[in-house]
Amino acid sequence: MPDLVAMLKGVPGPLRHRCSQCDKTSSDLFRCSACQGVRYCTPQHQTEHWSVHESACRRIKQATKLLEFTTPGKSIGYAWGVMSTRDYMRARLELSRQLANLNTLDGVMQSYQHRREMLTLCRSDQLGLRIILPAIMLRLDLDLECYHFVKWWSTYDAVGQYDMGHNSWPCLHVTAHAADAFEDPSFLLGTFPELNHLVAVFLLKLKLLMDVVTTKVARKVLAHCGLIRDLHQDIESGVVRSPLSAQLCRKDANALHQMETKLSGQIQRIAAKIALTNSNFFVYLFNPDKALTTTPEAYSSGSWDEMALAIQFSYATFWETEGLLPLLNNARACAARGFGSDIRDTMESSASKASKDGHRTVNGSLKDASISRMWDYLTYAVTDASFLGPWSKRPSKRYFRRAASGV
Ligand SMILES: [Zn+2]
Ligand SMILES: [Zn+2]
């Protein structure tokens, strides 16, 4: 089970072409000719990895073969709705699943292309591809495409008269007037939001926030290393992850701070909506193994199965955005410190009363509270993330020590 969970989580950091046996990244790796989904640095490493890769490779070959025997015919835009196309769509869906399970850049990229084309073939999307695609786009750093896609699906039918049979298919085509990913997310926070779309925009905003933090850290380091100033912008633009963050190196310190504050506020609002839409999501984000390894069936809004699917679609994206999970864990730790004394006082005063939660420990309640209240403490964690001194002297620790002593 631990190996399966590790595989489902993926390798920390952005997807790169790497040897599947030794993790070496290089431009001259060669691909497995049978599945085109994994790469190796030497034939010897391919041989050594075969016992691990064999079953996945065979499943991809079988799915590819099955796909060759089927066709969507002329039902472009209406596949799946036309019964004779269902074998084709099932075969392509299975191939896209198997490729995604490789968790390699080749596998995820090919899976994305299959799913994107399937959505073009079936515009009314009975297969639910619109809820899977955004997190995959983020894994591939197609950040503007992801934001445009989610915004389109959230706003396209405001008056309830959109014609899915229309010739243009704007959700997959970013235009020159594409949406601004830094804008206010109110359009997403309506009465019945799609959980996976909330999570995708939440992830994207966090990715942008991490880039602001990384830019601030790079600037602090560069201030002490004596390089000529002309090189600073090049280095700063090289350390950010999102293509949408290329502008950050041209912002002054004040503008960066404003951007950090704006993004943190937007993230807090989206997080509150996610928690309202599915109260299990954040609980299992911090302990995802059960959700990653279950097989959800049909689900209703707010259910455990809905959460498990959302974790399965998005967890690799959290994992692959460097610094993100440590940032969220620190926000939880700050919340636990900030609320620790309140909860202890409450529990001690009610200890003599009968309560259905009477068996819960102080630590258990702190754990729950740290998740539900962590978003109020996000800004403390963000400040810690760009602190370069020893971790024991991080700003949040100094703040809570002062608060505890009443200074
Ligand atoms: Zn190797
Ligand atoms: Zn293979």
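In this text, all values refer to a predicted model and were calculated from it rather than measured experimentally.

Engineer: Quick one: what's the story with the UniProt feature "domain: MYND-type" (unreviewed entry) in the chain, residue by residue and with numbers?
Structural biologist: UniProt marks residues 19–57 with the feature "domain: MYND-type" (unreviewed entry), using the numbering shown here. Along residues 19–57, the helical share is 38% and the strand share 10%, with 15 Å between the first and last C-alpha atoms.

Engineer: Hey, could you go over the coordination of the zinc ion (ligand 2) for me, with residue numbers and the actual values?
Structural biologist: The protein atoms that coordinate the zinc ion (ligand 2) are Cys 32 (SG), Cys 35 (SG), His 53 (NE2) and Cys 57 (SG), at distances spanning 2.1 to 2.4 Å. In the primary structure, the donors to the zinc ion (ligand 2) are separated according to the pattern C-x2-C-x17-H-x3-C. Of this pair, His 53 and Cys 57 both sit in helix H2 (residues 43–68), 4 residues apart, roughly one helical turn. One exposure class covers both His 53 and Cys 57, and it is buried.

Engineer: So what's going on with helix H15 (residues 378–385)? Residues and values would help.
Structural biologist: Every buried residue of H15 is accounted for by Leu 378, Ala 381, Val 382 and Asp 384. Buried residues along H15 cover an arc of 160° about the axis, so they all sit on one side.

Engineer: Can you tell me about the packing of helix H7 (residues 195–222) against helix H9 (residues 253–277), naming the residues and giving the values?
Structural biologist: In contact at an axis separation of 9 Å, H7 and H9 are set at 155° when each is read in the N-to-C sense. Here H9 runs roughly antiparallel to H7, going by the angle between their axes. When the axes of H7 and H9 are compared, the crossing they make is left-handed. For the contact of H7 with H9, the per-class residue count stands at 18 nonpolar, 4 polar and 5 charged.

Engineer: Please give an account of unusual backbone geometry that cites residues and values.
Structural biologist: Positive phi outside glycine occurs at Gln 36, with the angle close to 60°. The topology assignment puts Gln 36 in the loop between strand S1 (30–31) and strand S2 (39–40). Even without a glycine there, the phi angle at Asp 125 is positive, about 55°. What makes Asp 125 buried here is its relative accessible area of 3%.

Engineer: Lay out the coordination of the zinc ion (ligand 1) with the relevant residues and their values.
Structural biologist: Taken together, the protein ligands of the zinc ion (ligand 1) are Cys 19 (SG), Cys 22 (SG), Cys 41 (SG) and His 45 (ND1), with distances of 2.1 to 2.3 Å. Taken together, the 4 donor atoms surrounding the zinc ion (ligand 1) define angles of 96 to 119° at the centre, an arrangement classified as tetrahedral. If you list the donors of the zinc ion (ligand 1) from N- to C-terminus, the spacing comes out as C-x2-C-x18-C-x3-H. One end of the pair, Cys 22, is in the loop between helix H1 (2–9) and S1; the other, His 45, is in helix H2, and 23 residues separate them in sequence.

Engineer: Hey, could you go over the pattern of salt bridges for me, with residue numbers and the actual values?
Structural biologist: One pass over the full model with this rule turns up 17 salt bridges. A salt bridge links Asp 376 to Arg 373; the nearest nitrogen and oxygen atoms lie 3.6 Å apart. Here Asp 376 falls in the partly exposed class, since its relative accessible area comes to 46%. Through salt bridges with shared partners, a single network forms among Asp 141, Asp 143, Lys 207 and Arg 241.

Engineer: Describe the side chain of Ser 242, naming the residues involved and giving the relevant values.
Structural biologist: Residue position: Ser 242 is located in the loop between helix H8 (230–239) and H9. In contact with Ser 242, other than residues within four places in its own chain, are Asp 143, Leu 208 and Asp 211.

Engineer: Quick rundown of the environment of Glu 320? Include the residues and the values.
Structural biologist: Residue position: Glu 320 is located in helix H12 (residues 304–320). Counting along the chain gives 182 residues from Glu 320 to Leu 138, while the straight-line C-alpha distance between them is 9.6 Å. The contacts of Glu 320, once residues within four sequence positions are left out, are Val 11, Gly 13, Pro 14, Leu 15, Arg 139 and Arg 241.

Engineer: Could you give me a rundown of a positive patch on the surface, with the residues and numbers involved?
Structural biologist: Where like charges cluster on the molecular surface, the positive patch consists of Arg 337, Lys 393, Lys 397, Arg 398, Arg 401 and Arg 402. No other element matches the 4 residues that helix H16 (residues 395–405) contributes to the positive patch. The exposure class of Arg 402 is partly exposed, given its relative accessible area of 43%.

Quick notes on the rules
- Residues numbered from 1 in each chain as written.
- Chains lettered and ligands numbered in written order.
- Predicted model: local features only at pLDDT ≥ 70, side-chain atom pairs only at ≥ 80, totals over all residues.
- Heavy atoms only, no water.
- UniProt positions renumbered as here; feature names shortened; annotations may be inferred.
- Helix = DSSP H or I, 4+ residues; strand = E, 2+ residues; numbered from the N terminus.
- Donors = N, O, S within 2.8 Å, 3.2 Å for Na, K, Ca; no water.
- Buried < 20%, exposed > 50% of the residue type's maximum accessible area, 1.4 Å probe, protein only.
- Arc of directions from axis to C-beta.
- Axes fitted to C-alpha atoms, helices over the stretch in contact; angles between N-to-C directions.
- Parallel < 35°, antiparallel > 145°, perpendicular 65-115°, else oblique.
- Left-handed = near helix turned anticlockwise from the far one by under 90°.
- Nonpolar A, V, L, I, M, F, W, Y, C, P; charged D, E, K, R; others polar.
- Tetrahedral: all angles 85-135°; square planar, octahedral: opposite > 155°, others 65-115°.
- Salt bridge = Lys/Arg side-chain N within 4 Å of Asp/Glu carboxyl O.
- Contact = heavy atoms within 4.5 Å.
- Patch = residues over 30% accessible without salt bridge, like charges linked within 9 Å, V, L, I, M, F, W, Y side chains within 5 Å.
- Areas by Shrake-Rupley, 256 points an atom, 1.4 Å probe, with all protein chains shown as cover.
- Lys, Arg positive; Asp, Glu negative; His and termini not counted.
- Charge placed at Lys NZ, Arg CZ, Asp CG, Glu CD.

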